[in-house]
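Chain by chain, the residues run as shown.
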Amino acid sequence: AVNRTAVLMGKIHDRLAAGDDLVVLSEGSFGSRIVPDEISWPKENPGATVAVAFMEEINGTGKFHNSVELLQANRSVFRYDKNRPVPILTTDVIPGDHPPSVVDVLFTPRNITDKEGQRTNVTLKVAAAICFDFDFPDVLRHASDADLVVGPSNYWASIGWNLWSDNRYRAVENGLTLFKCSRNGISGAVDPLGRTLWQRPTVAGDTVATQVPIQKGIPTIYADQTGYLFGWFCLLLFAPL
């Protein structure tokens, strides 16, 4: 039998050894939480970050949290529990009681150096959401202060493009870069202006490496509490036009 955890850990180590600054796994990749000490972190890239997606049983109840945790060397940066489990199909998943939060993450990308050739630190405000969360604008609004949102997902291949087309609006509404890793769906990245940086269908076992620009988030009208009023105003204005 193939040890799934060992395979996934091997892929994480392969990408870190290749110099990746951010490694994102698809939804529910691991059957339990991974602690930072289980990963071999590259000393030359102290800002290397891994977004680990996992299912964690709640006190032997047969119920689970569907979670993603951002890890760096010897520490957990933050954890988020999925707020919107899929109805009927995931009745064993308990929704998290905290919306996406935004934290400062220090990256040390190899292509940004000072005059002496030393890596220059880059701090980005990062948040996370999972799969079905992205279909709810009110959930992602809590991450509107972020520069980057990572989104582990597990979609049905037949509707992958439809969901990805909708999810891209979350980046525009909140003025952030969205980076999604999907099992049996569309993985990709979108910048704060809604421009697709990359996209491709991915299935279980795929490993994809790409580059996206480091950029800060931008303020938008939809990120505040009047955002949806603007949309309704446009809809009402459409009738006489």
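The coordinates are above.
What this report covers is the structure whose coordinates are included nearby. (Residues numbered from 1 in each chain as written. Predicted model: local features only at pLDDT ≥ 70, side-chain atom pairs only at ≥ 80, totals over all residues. Heavy atoms only, no water.)

**Points about the environment of Thr5**
Thinking step 1. Relative to the helices and strands, Thr5 is located in helix H1 (residues 4-17).
Thinking step 2. On a C-alpha basis, the gap between Thr5 and Ser40 in space is 15 Å, while along the polypeptide they are 35 residues apart. (Helix = DSSP H or I, 4+ residues; strand = E, 2+ residues; numbered from the N terminus.)

**Considerations on the nonpolar core**
Thinking step 1. Judged by nonpolar contacts, the single largest core of 37 residues is most densely connected at Leu70, Phe78, Tyr80, Val126, Val149, Val150 and Leu178.
Thinking step 2. For this core, the element with the most residues is strand E6 (residues 122-128), which contributes five residues.
Thinking step 3. Within the second largest apolar cluster, 15 residues are counted, among which are Ile12, Leu25, Ala48 and Val50. (Core = buried A, V, L, I, M, F, W, Y, C linked by side-chain atoms within 4.5 Å. Buried < 20%, exposed > 50% of the residue type's maximum accessible area, 1.4 Å probe, protein only.)

**Focus: the side chain of Asp81**
Thinking step 1. Checked against the element boundaries, Asp81 lands in strand E4 (residues 75-81).
Thinking step 2. The exposure class of Asp81 is buried, given its relative accessible area of 18%.
Thinking step 3. Only 2.6 Å separates the side chain of Asp81 from the side chain of Ser67, close enough to count as a polar contact.
Thinking step 4. Leave out the neighbours within four places in its chain, and Asp81 touches His65, Asn66, Ser67, Gly96 and His98. (Polar contact = N/O pair within 3.5 Å; in protein donor to acceptor, adjacent residues only side chain to side chain. Contact = heavy atoms within 4.5 Å.)

**Comments concerning empty space enclosed by the protein**
Thinking step 1. Per the stated rule, a full pass over the model turns up one cavity of 30 Å³ or more.
Thinking step 2. Volume-wise, the largest cavity comes out at about 40 Å³.
Thinking step 3. Residue lining of the largest cavity: Pro137, Arg141, Glu173, Asn174, Tyr222 and Tyr228, and that is the complete set.
Thinking step 4. A class-by-class count of the residues in the lining of the largest cavity yields three nonpolar, one polar and two charged. (1 Å grid on protein atoms, 1.4 Å probe; cavity = no way out; pocket = protein on both sides within 12 Å on 5 of 7 lines; lining within 4 Å. Points joined across faces, edges and corners; volume = space filled by probe spheres on them. Nonpolar A, V, L, I, M, F, W, Y, C, P; charged D, E, K, R; others polar.)

**Quick look at H1**
Thinking step 1. The end-to-end C-alpha separation of H1 is 20 Å, in line with the 20 Å expected for 14 residues at 1.5 Å each.
Thinking step 2. Taken together, the buried positions of H1 are occupied by Leu8, Met9, Ile12 and Leu16. For H1, the angular spread of buried residues about the axis comes to 100°, placing them on one side. Across H1 from its buried face, at more than 90 degrees, point the exposed residues Asp14 and Ala17. (Expected span 1.5 Å × (residues − 1). Arc of directions from axis to C-beta.)

**Structural notes on a nonpolar patch on the surface**
Thinking step 1. There is a patch of nonpolar side chains on the surface, built from Ile88, Leu89, Trp156 and Ile159 and spanning about 460 Å² of accessible area.
Thinking step 2. By the secondary structure assignment, Trp156 is in the loop between strand E7 (148-154) and helix H3 (160-174). (Patch = residues over 30% accessible without salt bridge, like charges linked within 9 Å, V, L, I, M, F, W, Y side chains within 5 Å. Areas by Shrake-Rupley, 256 points an atom, 1.4 Å probe, with all protein chains shown as cover. Salt bridge = Lys/Arg side-chain N within 4 Å of Asp/Glu carboxyl O.)

**Brief notes about the pattern of salt bridges**
Thinking step 1. In the structure shown here, the tally under the stated rule is twelve salt bridges.
Thinking step 2. Close ionic contact of Arg79 with Asp81 constitutes a salt bridge, the shortest N to O distance being 3.0 Å.
Thinking step 3. The partly exposed category is assigned to Arg79, whose relative accessible area is 29%.
Thinking step 4. Across the salt bridge formed by Asp147 and Lys216, the nearest N and O atoms sit 3.9 Å from each other. With Asp147 in the loop between helix H2 (137-140) and E7 and Lys216 in the loop between strand E10 (196-202) and helix H4 (227-238), this residue pair connects regions lying 69 residues apart in the sequence.
Thinking step 5. Salt bridges sharing partners connect three or more residues here, namely Glu56, Arg79 and Asp81.

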